[in-house]
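What follows is each chain in one-letter form.
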Amino acid sequence: MIIQLKDINKTYPGVVPLHVLKDINLEIDRGELVAIMGASGSGKSTLLNILGILDNYDSGEYHLDGVLIKNLSENRAAELRNRLIGFVFQSFNLISYKNAVENVALPLFYQGVSRRKRNALAMEQLERMGLADRAHHLPGELSGGQKQRVAIARALITKPSIILADEPTGALDSTTSHDVMNLFRELNAEGMTIIIVTHDPGVGAATNRIIRISDGRIVPDEPIITDIKPQIIV
Amino acid sequence: MFDLINEIGQTIRNNKLRTGLTGFAVAWGIFMLIILLGLSRGVMSGFEESSSKRDLNTINVWRGVTSMPYKGYNKGRQIKLKASNVNDLNTSHNKYISKATAYNYIDSAKVSGPKDYVSGGITGMPPESARDQWIDVFAGRFINQADMDNQRKVIVLSRKTAKTIFGSDSTDVIGKHVKSLGLAWTVIGLYTREWNEDESFVPFTTAVALSGGDPAIWSIKVFTDNVTDEASGLAAEDAIRGELAKIHQFDPNDHSAAPMNNRFLNYLQSKEGMKILDYVVWVIGILTMVSGIIGVSNIMFVSVRERTHEIGIRRAIGAKRRNILTQIILESVAITTIFGYLGVVMGTIVMQILDMLFGSGSQGRSPFGTLSVDLNIALKVTVVLIIAGALAGLFPALKATKVKPVEALRDE
């Protein structure tokens with residue numbers, strides 16, 4: 001079990017405190033391809049932030065790859081993010097003045113990996129994404145799908161335990177979306193645990209398990225559809 | 001380290017105009033600091049050069065008027081210095097008094113040669129005065145101690161006088177005779193001076209003897225010994241006043257009876273003044289620079305604000321607070337140091353030009369000595385730059401570390 005959430009609660013303080021996550025219990029096994037779905041305001045983004053160690057929770061316990069993620073110092077959190085999690089964002093979040101290789105290599109920079117080594121590893125990832133010829137292009141010179149593949153390469157470069165993708169296809173047209181989802185499935189087939197937050201049913205259908213979240217709670221009666229061959233539209 | 005430099009290089013290249021404008025403010029600040037420091041150092045070195053040309057260990061005493069009653073004398077009595085006082089001081093065996101000298105002017109005297117005469121007057125002088133009166137003897141010699149001891153009738157003429165009365169200012173004038181006060185004088189030397197070349201100089205003792213008796217003199221110059229600081233400088237004044245008080249019967253504490261000008265104390269005072277000038281210049285320079293630094297700080301704030309999203313990305317993929325902090329601070333240090341150095345270089349070039357135009361090497365009289373930027377200043381400025389850059393970057397950098405990845409990523 002790579003992710004284990006036990007009675008997670010999260011309230012945003014304010015004049016009217018907002019109880020966004022209510023007693024969340026969730027387990028995700030190594031090698032799963034999971035979609036977290038829900039309407040906007042349902043708490044799925046907050047859940048993603050907690051899973052990604054970008055935000056704290058108030059009570060409960062969260063274990064990621066055997067590590068208890070609770071009351072971490074900023075530095076420790078940064079370290080665990082760097083080591084355990086690969087992020088893929090809706091808006092790609094590439095650094096605009098760095099070329100593809102540099103963007104992909106950036107997580108290794110914060111690990112203190114030498115320039116030569118991390119550029120070699122970054123090239124490897126880009127080749128895997130079929131972007132070797134775009135390695136020295138700036139993000140502005142790449143198409144949306146290419147940008148997202150660069151972002152995925154960046155997420156993979158630290159060999160993380162999980163990939164967290166936040167609406168990874170939200171900014172892409174449908175063809176490119178399918179390409180990206182296929183890429184995720186391929187990675188999943190190689191054993192990578194992938195969690196995708198989305199409100200797009202098509203994306204949800206391309207995963208092996210859908211966790212629905214509504215009003216801060218996980219909807220309990222969702223069947224696990226591992227026995228149904230997921231539909232991939234190519 | 002190379003990576004960090006590369007990162008900084010990328011962000012600076014990414015914001016060329018902004019960086020350039022900020023950098024200009026810093027460069028300008030440093031440039032002004034360098035110029036101000038250079039000029040004030042120039043004034044100082046000019047001061048040192050001119051003081052080194054003169055004897056510092058001298059005290060001049062003038063005639064004065066008593067301000068205190070003493071032994072039955074009323075106050076308000078004139079104290080007239082006499083030629084014999086010079087000898088009195090010389091035989092006083094005071095540890096502060098090395099030697100006393102004086103002039104004796106015979107204003108009315110004409111000096112005549114084979115061609116013409118001049119009426120600039122003759123002055124009885126001690127040998128020491130050549131240096132002190134900026135007298136530059138270019139032919140023959142100046143009055144010496146033997147002339148003094150033997151009251152020789154020898155005379156030193158200016159180039160101008162020699163030209164007038166002999167029609168020649170060449171060395172063959174030396175050894176010839178001129179007439180003055182009804183006596184024949186042997187010319188022993190020719191001098192030039194930057195001002196007043198009307199005087200002719202004879203030994204002080206000869207002039208005194210010619211005046212008859214014990215003529216009044218205007219002032220006595222005392223060369224001091226053992227004067228090393230303010231206290232001993234004042235003690236030397238007291239010693240001279242004490243000696244004169246004994247001779248002329250006035251209160252030894254009566255300063256106005258024998259007014260003095262202590263060159264050593266003046267020197268100390270001016271030096272103190274120069275030090276203050278130096279401080280003031282540093283303060284002005286640094287304040288000028290501060291405005292540049294605030295500019296850098298401001299720009300770094302803007303830059304942090306603009307890059308909130310980028311910082312959020314970096315934090316999300318594993319940058320620690322320390323990484324962000326060092327990057328912003330080093331960026332600021334890089335901007336200040338690079339442009340600061342540009343200012344140093346420009347300042348140095350301008351100082352070189354100023355030195356050529358106005359420095360001691362240039363033509364004409366100048367208040368400056370050598371105008372230059374010394375290594376010491378450059379080093380100090382470097383240290384100031386790095387510290388200033390770090391300070392300018394510190395607050396923006398601290399703000400950057402407060403960027404929460406979640407909020408930064410939500411920005412989009």
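Calculation notes
Residues numbered from 1 in each chain as written. Chains lettered and ligands numbered in written order. Predicted model: local features only at pLDDT ≥ 70, side-chain atom pairs only at ≥ 80, totals over all residues. Core = buried A, V, L, I, M, F, W, Y, C linked by C-beta atoms within 7 Å. Buried ≥ 20, exposed ≤ 12 C-beta atoms within 10 Å, placed from the backbone. Helix = DSSP H or I, 4+ residues; strand = E, 2+ residues; numbered from the N terminus. Contact = placed C-beta atoms within 7 Å. Nonpolar A, V, L, I, M, F, W, Y, C, P; charged D, E, K, R; others polar. Expected span 1.5 Å × (residues − 1). Arc of directions from axis to C-beta. Pairing = 2+ DSSP bridges.

A. Region of the structure containing the nonpolar core. Counting 109 residues, the largest nonpolar core has A:Ile36, A:Val104, A:Leu164, A:Ile195 and B:Ile30 as the members making the most contacts within it. At 10 residues, helix 11 (residues 321-358) of chain B tops the list of elements feeding residues into this core. For B:Ile30, the contacting residues outside a window of four places in its chain are B:Met289, B:Gly340, B:Gly343, B:Val344, B:Gly347 and B:Val381. Of all hydrophobic cores here, the second largest spans 53 residues; its members include B:Leu89, B:Phe204, B:Ala245 and B:Phe250.

B. A look at the interface of chain A and chain B. Every contact between the two is made by 21 residues of chain A and, on the other side, 17 residues of chain B. At the level of elements, helix 2 (74-84) and helix 3 (100-109) of chain A are the ones that each hand at least two residues to the side of chain A that touches chain B. Per-element accounting of the side of chain A that touches chain B gives the leading share, 6 residues, to helix 2 of chain A. Residues belonging to the side of chain A that touches chain B are distributed by class as follows: 10 nonpolar, 5 polar and 6 charged.

C. Expanded view of helix 4 (residues 115-128) of chain A. All names here are of chain A. The first and last C-alpha atoms of helix 4 sit 20 Å apart over 14 residues, in line with the 20 Å expected at 1.5 Å per residue. Inspection of helix 4 places Arg118, Leu121, Ala122, Gln125 and Leu126 among the buried residues, and these make up the whole buried set. Here the buried residues of helix 4 occupy an arc of 140° about the axis, which is enough to place them on one side. Turned more than 90 degrees away from the buried face of helix 4, the exposed residues are Arg116 and Lys117. Buried residues along helix 4 sit against helix 3 and helix 5 (144-156). Backbone geometry just downstream of helix 4 places Gly130 in the positive-phi region, at approximately 70°.

D. Representation of the environment of B:Gly140. Residues and elements named next belong to chain B. When you line up the elements, Gly140 lands in strand 9 (residues 136-140). Judged by the 17 C-beta atoms lying within 10 Å of it, Gly140 is partly exposed. Discounting chain neighbours no more than four positions away, the residues touching Gly140 are Ile174, Ile188, Gly189 and Leu190.

E. Quick look at helix 3 (residues 83-90) of chain B. Residue and element names in this part refer to chain B. Within the span of helix 3, buried status applies to Ala83, Asn85, Val86 and Leu89. An end-on view of helix 3 places all buried positions within 155° of arc, on one side of the element. On its buried side, helix 3 packs onto strand 4 (97-102), strand 5 (104-106), helix 7 (204-211), strand 14 (219-224) and helix 8 (230-248).

F. Main features of the pairing of strand 8 (residues 122-125) of chain B. All names here are of chain B. Across the two faces of strand 8 the burial is the same, with Ile122 and Gly124 and Thr123 and Met125 all buried. Pairing geometry for strand 5 and strand 8, over 3 bridges, is antiparallel. Bridged to Ile106 within strand 8 is Ile122. Relative to strand 13 (residues 200-203), strand 8 runs parallel, the two being bridged by 4 bridges. Of the residues in strand 13, the one forming a bridge with Gly124 is Val202.

G. Representation of the pairing of strand 11 (residues 177-180) of chain B within the structure. Residues and elements named next belong to chain B. Every second residue of strand 11 is oriented toward a common face, the buried set being Val178 and Ser180 and the non-buried set His177 and Lys179. Sheet topology places strand 11 next to strand 12 (residues 183-192); 4 bridges connect them, and they run antiparallel. Paired with Ser180 across the strands is Leu183, a residue of strand 12. Between strand 11 and strand 12, which pair antiparallel in sequence order, lie 2 residues; one of them, Leu181, sits at a positive phi of approximately 50°.

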